[in-house]
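Inside the fold
Residue strings, one per chain:
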Amino acid sequence: MPEKLAPMTMKNRTRLRKLCSRAITENDPHRLAILLMEIDDILSEAVDEIAGMLKDVEQVLKKRERSSRIHLA
């Protein structure tokens with residue numbers, strides 16, 4: 001994992017845990033909705049980061065595949 005993503009990921013993980021804990025105990029529907037939107041935002045951001053990492057991995061694997069074909073030919 002690139003270093004620049006690690007601090008952000010840890011921050012989001014901690015924030016996500018806090019938001020989930022608050023959501024479990026929240027009785028006010030309006031406040032609960034706000035908490036759930038914040039949780040959704042963090043999860044959406046995480047999914048976007050993972051998608052980006054998977055694209056990077058895919059590109060690396062394609063380059064390896066091409067270079068191994070050249071060596072075999």
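Above: the structure in question.
The rules we used
- Residues numbered from 1 in each chain as written.
- Predicted model: local features only at pLDDT ≥ 70, side-chain atom pairs only at ≥ 80, totals over all residues.
- Heavy atoms only, no water.
- Helix = DSSP H or I, 4+ residues; strand = E, 2+ residues; numbered from the N terminus.
- Buried < 20%, exposed > 50% of the residue type's maximum accessible area, 1.4 Å probe, protein only.
- Areas by Shrake-Rupley, 256 points an atom, 1.4 Å probe, with all protein chains shown as cover.
- Salt bridge = Lys/Arg side-chain N within 4 Å of Asp/Glu carboxyl O.
- Patch = residues over 30% accessible without salt bridge, like charges linked within 9 Å, V, L, I, M, F, W, Y side chains within 5 Å.
- Lys, Arg positive; Asp, Glu negative; His and termini not counted.
- Charge placed at Lys NZ, Arg CZ, Asp CG, Glu CD.
- Core = buried A, V, L, I, M, F, W, Y, C linked by side-chain atoms within 4.5 Å.

**With respect to the overall build of the protein chain**
- Within the protein chain, the secondary structure is distributed over two helices and zero strands.
- Classification of the 73 residues of the protein chain by burial places 14% in the buried group.
- Accessible surface, the protein chain as shown: approximately 6,400 Å² in total, 60% of it carbon and sulfur.

**Things to note about the pattern of salt bridges**
- Taken as a whole, this structure holds two salt bridges when the rule is applied.
- Put simply, Arg15 and Glu38 hold a salt bridge, and the shortest N to O gap is 2.4 Å. Of the two residues, Arg15 is situated in helix H1 (residues 5–25) and Glu38 in helix H2 (residues 29–72); the sequence distance between them amounts to 23 residues.
- On the basis of relative accessible area, Arg15 is assigned to the partly exposed category, the value being 39%.
- With a closest N to O distance of 3.7 Å, Lys62 and Glu58 form a salt bridge. You can see Lys62 and its partner Glu58 sitting in helix H2, four residues apart, about one turn around the helix.

**Comments concerning a negative patch on the surface**
- There is a patch of like negative charges on the surface, built from Asp40, Asp41, Glu45 and Asp48.
- Residue placement: Glu45 occurs in helix H2.
- Glu45 gets classed as partly exposed once you look at its relative accessible area, which sits at 31%.

**Details of the environment of Arg17**
- Assignment of secondary structure puts Arg17 in helix H1.
- Owing to a relative accessible area of 59%, Arg17 belongs among the exposed residues under this scheme.
- On a C-alpha basis, the gap between Arg17 and Ile39 in space is 9.2 Å, while along the polypeptide they are 22 residues apart.

**Focus on the nonpolar core**
- Grouped together as the largest cluster of nonpolar side chains are six residues: Leu16, Leu19, Ala23, Leu35, Ile39 and Ile42.
- Of all the secondary-structure elements, those providing two or more residues to this core are H1 and H2.

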